[in-house]
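What follows is each chain in one-letter form.
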Amino acid sequence: MGTFAPEQYKETLIFLATAGVVVPLFRRLKVSPVLGFLGAGVLLGPYGLGALARQISWLAPFALDNVEQIAPVAEFGVVFLLFMIGLELSWQRLAIIGRLVFGLGALQVFGSAAALGALALFLGESLSSAEVLGFALALSSTAIVIPVLAEAKRLGTTAGRTIFAVLLFQDLMVAPLLFMVAMLGMRGGGGLSMAVVSFLVPALTGLSIVVLGGRLVMRPLFRHVAAAGSTEFFMAACLLVVVGTGVLTAASGLSMGLGAFIAGILLAETEYRREIEVTIEPFKGLLLGLFFVSIGASLDLTQVFSAPLVAFGLALGMVAVKFWVNWLAGWMARLPTRVVTEAALMLAPGGEFAFVIVTAAVAAKALPASTGSEAMIAVTLSMLAVPFLGALSKRLARRPTALELATVLEPGGDGPAPDAIIVGFGRVGQLVGDMLHTHAIRYLAVDTDAALVTRFRGQGREIYWGNASRPGFLARCGLAKARALVITMDRPADAEDIVRDARAGNPDLIIVARARDALHATQLYSLGVSDAVPETIEASLQLSEAVLVDMGIPMGKVIASIHEKRDEFRKILQPIAGRAEARHAIKMSLRMKAMNKRQQKSRGEE
């Protein structure tokens, strides 16, 4: 075994400590955590605390002085983000926003590149440098803009969809732009056709493998893993798909994020979509935080302080030019003025792919190193402004219109959010679903039986595989907009967890739960269910109904007496639940009083 070296884990420990402090603090201050991670990167990076650590040795353990070590891992933050975006889409939805992607997106990218390239020529750059700078600075930050919009709950609005469409086109342009940089770096045109072939063949091969292989392999893979019933194996399968598709497209000369995005779209229409979202979300959050820290740490403060007018002037100039170009592009696309303004603000700063393109251009000698360094500083400074521009755009935005509300991306599928959610789709859940369907009530079902979910999914039912007791799962299914939650599962502990979580965030939600017996029903009532249905009592009532009808008692009288007896049980169980809660509160109060007396007594003895 090798010698243990604590410094090897320094960057990891610093980042985890930063995440533990930044996220809770900034959420309490109602400020986007993105800004906190960026600021922490600037403060702890090699040009912040790292510079001081060279003179003050005891500061070295607290400084991020090896950003290159975390950069490859941090890049997966963008990959996971694009995968999650793909999960919220489908081929049908992608076709709906296609006009915005290839229309407005093209206007924004090529218009901004032309304006910024012309400005670079005016400032004395060569033609090749101006071309590289124009396209590199035209790109915006998917990794920062999308989380800021999601934090402000603006991602599902018309402006949010518009911004996302443009960002998607920018991501699609990364590979062609890298190819353009390689062409600009070549001396002479003799190898142009060979270069085109060497770029297109691997790229098309990689995309074909992702799309065709994904359609053939992904659903059977997740069906096999889901049937095993192992959360760990399911998580491993999720990570395999995200990382594997990203690495495959990267090896083909395309961006890793593009492969993960396509994989997300392929899985968006499967029954495993919601469980995948809940599984991937923590990884996405952590890796995006690491990405933001690495971006902040890359800001060279010495260059900023040595020439602040140049650094901030270039950043402000880039933001101003892109804002007006974006605004004109939105106006030409005939979008509402408010939507155009919000999109122009959020797309004005630079993006993370600018670093990739500028670095490749400097390596190919298509761009001077000094110019590339100044451009990256301007891009970093502009990216730090995204959370502030997000707050400004949210303040400028009025209440959404009826048309805008109609186009919001609902979490329950491609249609509107469900009116009811059924947890557990066995025999009881299926009967409940049939009755809801009879009365034209749209529902979504959840079950942990992979074979059952696959069967009903094949019949056209809206059903997902997953563990509804996991925090955040039902929220992904559209619980916030549902009118009722029906719990038919036969696992009492899980049912209680679901009721507790659902009631905590949805006080007006109707919750009807299946109870094992009267005692379990009492517990469910104490947790906040609207109605608990004990199996033993209901079985007794149904038996009573059958025997009374068979003995000749009129059906009307039997049904009336059954309803009366059911109401009696409900009135009995609900007060018992209330008394149980009261007894628990009294016990806790007495314990606290006893504890206080003991503390006072111990102080007196001291």
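Everything here concerns the structure above.
Computed from a predicted structure; not experimentally measured.

Parameters at a glance
Residues numbered from 1 in each chain as written. Predicted model: local features only at pLDDT ≥ 70, side-chain atom pairs only at ≥ 80, totals over all residues. Heavy atoms only, no water. Helix = DSSP H or I, 4+ residues; strand = E, 2+ residues; numbered from the N terminus. Buried < 20%, exposed > 50% of the residue type's maximum accessible area, 1.4 Å probe, protein only. Areas by Shrake-Rupley, 256 points an atom, 1.4 Å probe, with all protein chains shown as cover. Core = buried A, V, L, I, M, F, W, Y, C linked by side-chain atoms within 4.5 Å. Contact = heavy atoms within 4.5 Å. 1 Å grid on protein atoms, 1.4 Å probe; cavity = no way out; pocket = protein on both sides within 12 Å on 5 of 7 lines; lining within 4 Å. Points joined across faces, edges and corners; volume = space filled by probe spheres on them. Nonpolar A, V, L, I, M, F, W, Y, C, P; charged D, E, K, R; others polar. Salt bridge = Lys/Arg side-chain N within 4 Å of Asp/Glu carboxyl O. Patch = residues over 30% accessible without salt bridge, like charges linked within 9 Å, V, L, I, M, F, W, Y side chains within 5 Å.

What to know about the overall build of the protein chain
- Regarding its fold elements, the protein chain presents 27 helices and six strands.
- Burial statistics for the protein chain: of 606 residues in total, 48% are counted as buried.
- Just so you have it, the protein chain exposes about 29800 Å², and 66% of that area is on carbon and sulfur atoms.

Description of the nonpolar core
- Counting residues in each nonpolar core, the largest one holds 92 residues, and the members touching the most others are I85, I144, I163, F261 and F292.
- Broken down by element, the residue count for this core peaks at twelve residues, all from helix α9 (residues 158-185).
- Excluding residues that lie within four positions of it along the chain, I144 makes contacts with V34, L38, F292, M383 and V386.
- Counting residues in each nonpolar core, the second largest holds 43 residues, with M256, L287, A450 and V486 among its members.

Structural notes on empty space enclosed by the protein
- This structure, assessed with the given rule, holds one cavity of 30 Å³ or more.
- Approximately 80 Å³ is the volume attributed to the largest cavity.
- The wall of the largest cavity is formed by 13 residues, among which L104, N326, G330, A343 and L347 lie closest to the centre.
- Contributing elements (two or more residues each) for the lining of the largest cavity: α6 (98-122), α9, α15 (308-332) and α16 (337-347).
- The element best represented in the lining of the largest cavity is α16, accounting for five residues.
- Counted by class, the lining of the largest cavity contains nine nonpolar, four polar and no charged residues.

Description of the pattern of salt bridges
- Overall, the coordinates contain ten salt bridges when judged by the stated rule.
- For the salt bridge of E277 with R274, the shortest nitrogen-to-oxygen distance reads 2.9 Å. Of this pair, E277 and R274 both sit in helix α13 (residues 273-297), three residues apart, which is roughly one turn of that helix. Just as E277 is buried, R274 falls in that class too.
- With its nearest N and O atoms 2.7 Å apart, the salt bridge here joins R470 to E275. One end of the pair, R470, is in the loop between β3 (463-465) and α23 (473-476); the other, E275, is in helix α13, and 195 residues separate them in sequence.
- The exposure class of R470 is partly exposed, given its relative accessible area of 21%.
- A relative accessible area of 4% means that E275 is categorised as buried.
- What you see here is one network of salt bridges that share partners, running through R273, R274 and E277.

Section: a nonpolar patch on the surface
- Together, L119, F122, L123, V310 and L314 give the surface a local cluster of nonpolar side chains, amounting to about 490 Å² of exposed area.
- When residues of the nonpolar patch are traced back to their parent elements, those giving at least two are α6 and α15.
- The topology assignment puts L119 in helix α6.
- Take L119: its relative accessible area is 34%, and that puts it in the partly exposed class.

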